[in-house]
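Below are the chains, spelled out letter by letter.
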Amino acid sequence: MPGSTVLRRHRGIVAGGLLLGVLAGAAVFAPVLVRHDPLEIAGGGGMTLERPTAAHPFGTDALGRDLLARVLWAGRVSLAIGVGVEVLVALLGCLIGLVAGYYGGALDSALMRTTDVVMAFPSLVLAIGLIAVFERPGLDKVVLVLVALGWTTIARVVRGAALSLRERDYVQAARALGADNRTIIVRHVLPNALGPLLVAATLGIGSNMIAEAGLSFLGLGAQSPTLSWGAMLADGQTFLSSAPWVAVFPGVALLLAVLGINLLGDGLRDLLDPRFHD
Amino acid sequence: MSPTALRVVGGRVAAVVPVAFGVTLLVFLLNAAALGDPARAAMGQRGDPEVIERIRRDYALDRPLVAQYGAWMTRLARGDLGHSYHQQRAVTEIILERAPATLRLALTATLISVLLGVMMGALAGRRPGSLVDHVIMATAVLGISTPVFWLGMMLSLVFAVTLGWLPVSGYGGGDWQHLVLPAVTLGALHTGSVARMTRGSLLEVTRQDYMTTARAKGLAEPVLLVKHALRNAAIPVVTVVGIGLADLLVGAPLTETVFAWPGVGRLLVAAVGQRDLPVVMGAVLVFALVYVVANLLVDLAYLLIDPRTRAR
């Protein structure tokens with residue numbers, strides 16, 4: 001297949017990857033890209049809620065802080081939470097899925113009934129309930145809660161793969177040749193679950209970012225001065241009529257990041273699952 | 001209903017019972033973890049001895065956890081969710097007072113997402129690969145990726161703040177003007193998924209032999225689309241509507257907060273802020289049980305639409 005056809009066929013992956021690359025790059029290089037400190041409060045007054053200008057391309061917030069700097073720095077937090085939580089979720093989900101699917105039996109039933117119950121809750125509602133258990137909200141609790149609730153999807157994906165592979169001839173052959181369970185899991189079961197796992201994990205990053213933003217927006221996540229797009233949007237709502245830019249830019253950043261992840265995830269699904277080809 | 005159908009329906013209902021029990025157990029454990037010891041629970045209550053005594057009695061805190069769960073379930077069976085710390089009233093009463101607003105919002109949002117989504121999906125699926133198809137599918141992905149609370153703020157900025165066509169927020173005594181923006185916001189999240197699913201299953205259906213037969217009979221395209229294609233494409237769409245319930249319930253606390261909508265979602269968020277634990281846990285439990293029951297109804301809807309599932 002010539003290069004241009006590959007590009008056209010997988011435009012979702014390319015577009016999503018580009019979008020994410022640019023956003024992640026901007027977040028990582030935030031200190032180089034903007035000279036304003038995201039926490040620096042304007043002195044002397046008259047600089048608060050300033051419209052977008054050449055000096056402050058995204059305007060300033062109620063304390064006169066540069067919004068471009070804040071959006072980029074908050075991007076570091078939001079992206080790190082999205083990816084970091086998903087890594088933990090994938091590890092936990094793989095472990096639970098493998099144990100349940102490979103060993104089966106009562107352990108499998110217990111683990112799968114647990115996923116049934118966790119999945120029986122609308123995710124954000126249960127997250128809010130879990131956050132309420134703690135005396136004080138904060139980003140660390142958000143990470144804890146998102147990991148505690150996020151593993152079910154991946155656990156089911158991996159369990160399904162482990163279950164179907166357990167009885168395959170080549171796995172039986174490997175066992176007959178004296179391979180132990182760990183070797184079989186690492187060499188045969190995990191690689192075969194990798195495709196669906198990758199898709200679920202990619203889309204999971206987007207869900208984590210939206211959940212973090214939602215919780216922070218509700219005041220149950222990042223607390224000032226920790227930067228987060230969700231917390232910035234809560235500020236934005238206060239000044240929606242007088243200074244709409246405070247709400248517009250962090251939201252656009254969040255939207256673009258999630259869009260990039262969804263394009264990438266959908267693209268990967270098309271790539272890895274031939275059934276989705278038209 | 002035939003005995004077979006009755007047995008299938010009974011089976012589905014029975015399968016939900018352990019999940020519902022699991023839900024109550026999880027909420028109970030959350031509550032126990034949040035309460036900790038009675039002294040800590042009462043700290044937020046300025047140490048009022050009467051309140052401490054009631055918490056102790058309500059939650060049977062001096063007894064083992066199993067007994068506490070038993071006592072809690074007994075009260076739950078009577079519809080008793082405890083007393084609010086903040087408002088000196090029964091939690092059940094508070095939630096029932098807020099439920100109609102959330103129900104109204106959720107039903108309108110579902111209606112919007114299904115009507116709009118099926119329309120978009122049918123339009124896109126009629127001519128796959130066309131410009132219309134691409135535009136609609138791009139809009140769908142954009143809709144799925146938009147954070148619901150930000151969308152609400154932007155709609156409010158355009159239609160309420162700037163144009164002044166609709167009120168910014170509030171319930172407004174239940175008139176339709178106040179309902180429009182929150183319902184569109186909550187519905188938009190899910191419209192994209194419905195559109196994608198409708199398009200996908202429409203493409204699948206139009207490839208089937210019975211469609212060729214119907215076309216060969218000389219049926220007009222609109223009749224073909226509505227009578228043969230959409231009915232058969234409805235099965236996956238019902239699935240999406242079912243999944244959409246989750247979106248709807250997840251979106252409710254956010255949308256209600258943005259629009260100051262006096263529903264259960266906003267009640268939940270406010271209660272967390274006030275550390276009003278009985279209200280928090282009551283609202284979480286009600287949301288989860290509504291979700292479980294709604295999923296059961298979706299499951300039963302398959303039996304109605306698709307006779308093939310009845311055999312299973």
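Criteria and thresholds
Residues numbered from 1 in each chain as written. Chains lettered and ligands numbered in written order. Predicted model: local features only at pLDDT ≥ 70, side-chain atom pairs only at ≥ 80, totals over all residues. Helix = DSSP H or I, 4+ residues; strand = E, 2+ residues; numbered from the N terminus. Buried ≥ 20, exposed ≤ 12 C-beta atoms within 10 Å, placed from the backbone. Contact = placed C-beta atoms within 7 Å. Nonpolar A, V, L, I, M, F, W, Y, C, P; charged D, E, K, R; others polar. Axes fitted to C-alpha atoms, helices over the stretch in contact; angles between N-to-C directions. Left-handed = near helix turned anticlockwise from the far one by under 90°. Core = buried A, V, L, I, M, F, W, Y, C linked by C-beta atoms within 7 Å. Parallel < 35°, antiparallel > 145°, perpendicular 65-115°, else oblique. pLDDT = per-residue confidence, 0-100.

S.K.: Would you explain the overall build of chain A in this entry?
M.R.: Within chain A, the secondary structure is distributed over 11 helices and zero strands. Its helices and strands in sequence order give chain A the pattern α-α-α-α-α-α-α-α-α-α-α, from N to C terminus. Once the C-alpha set of chain A is aligned to its principal axes, its extents read approximately 80 × 55 × 30 Å. The proportion of buried residues among the 278 residues of chain A is 47%. Taking the contacts inside chain A whose residues are at least 6 apart along the sequence as the reference set, 69% of them involve residues at least 24 apart.

S.K.: Looking at this structure, how should I read the overall build of chain B?
M.R.: On a plain count of helices and strands, chain B comes out with 13 helices and zero strands. Counting helices and strands in the order they occur from the N terminus, chain B gives α-α-α-α-α-α-α-α-α-α-α-α-α. Buried residues in chain B amount to 37% of all 312 residues. If you take every contact in chain B between residues at least 6 apart in sequence, the share linking residues at least 24 apart comes to 71%.

S.K.: Explain the interface of chain B and chain A to me, please; I cannot follow it from the model alone.
M.R.: A common way to state how big an interface is: give the accessible area lost once the parts meet. If you look at the interface, chain B gives 40 residues, while chain A gives 37 residues. Across the side of chain B that touches chain A, the residue classes tally to 34 nonpolar, six polar and no charged.

S.K.: Where do I start with the packing of helix α4 (residues 67-103) of chain A against helix α11 (residues 245-272) of chain A in this structure?
M.R.: If you want to describe how two helices pack, look at the angle between their axes and the distance between the axes. Residues and elements named next belong to chain A. The N-to-C vectors of α4 and α11 enclose an angle of 35°; their axes lie 10 Å apart at closest approach. The crossing of α4 and α11 is right-handed. Contacts between α4 and α11 involve L67, V71, A74, G75, S78 and L79 from the first element and W245, V246, F249, P250, A253, L254 and A257 from the second. By residue class, the composition of the contact of α4 with α11 is 11 nonpolar, two polar and no charged.

S.K.: What's the story with the nonpolar core in this structure? I'm lost.
M.R.: Burial of nonpolar side chains together is a common tendency in soluble globular proteins. I154 of chain A together with A283 and V284 of chain B are the most contacted members of the largest nonpolar core, which totals 138 residues. Element by element, the count of residues in this core is highest for α4 of chain A, at 18 residues. Those residues in contact with V284 of chain B that sit more than four places away from it in its chain are V125, L126 and G129 of chain A together with V27 and L268 of chain B. Counting residues in each nonpolar core, the second largest holds 12 residues, with V118, M120, I136 and V194 of chain B among its members.

S.K.: Mind showing me how you'd approach unusual backbone geometry here?
M.R.: Glycine aside, negative phi is the norm for most residues, and most peptide bonds take the trans geometry. A cis geometry characterises the amide bond from S224 of chain A onward to P225 of chain A, with omega recorded as 10°. Summarising the element assignment, P225 of chain A is placed in the loop between α9 (181-217) and α10 (229-238). Of note, the phi angle at A260 of chain B is positive, near 50°, even though the residue is not glycine. Structurally, A260 of chain B is set in the loop between α10 (221-258) and α11 (264-274). The phi dihedral of R275 of chain B is positive, around 50°, even though this residue is not glycine. Relative to the helices and strands, R275 of chain B resides in the loop between α11 and α12 (277-305).

S.K.: Got a minute to help me understand α11 of chain B in this structure?
M.R.: Each α-helix turn comprises 3.6 residues. Residues three or four places apart therefore point the same way. Residues and elements named next belong to chain B. Buried residues dominate α11, accounting for eight of its 11 residues. For α11, the complete set of buried residues consists of V264, G265, R266, L267, L268, V269, A271 and V272. R275, located one to two residues past α11, shows a positive phi value of around 50°.

S.K.: What exactly am I supposed to notice about the environment of F28 of chain B here?
M.R.: Residues and elements named next belong to chain B. Examined against the element boundaries, F28 turns out to sit in helix α1 (residues 3-35). Along the sequence, F28 and W72 sit 44 residues apart, while their C-alpha atoms lie 7.8 Å from each other. Aside from chain neighbours lying at most four places away, what touches F28 is Y69 and W72.

S.K.: Mind showing me how you'd approach the packing of helix α6 (residues 123-133) of chain A against α9 of chain A here?
M.R.: Residues and elements named next belong to chain A. Viewed as axis vectors pointing N to C, α6 and α9 meet at an angle of 50°, and their least axial separation amounts to 11 Å. By the angle between their axes, α6 is oblique relative to α9. Crossing of α6 against α9: the hand is right-handed. Contact residues: L124, A127 and I131 in α6; A211, G214 and L215 in α9. Of the residues in the contact of α6 with α9, the class split is five nonpolar, one polar and no charged.

S.K.: How do you make sense of the confidence of the model for chain B when you look at a structure like this?
M.R.: The predicted coordinates of low-pLDDT regions are not to be read in fine detail. Residues and elements named next belong to chain B. Of the residues in chain B, 87% have a pLDDT of 70 or more, and the chain-wide mean is 82. No element of chain B has a lower mean pLDDT than helix α2 (residues 38-43), at 51, and none a higher one than α11, at 91. Across the predicted assembly, pTM comes out at 0.85 and ipTM at 0.84.

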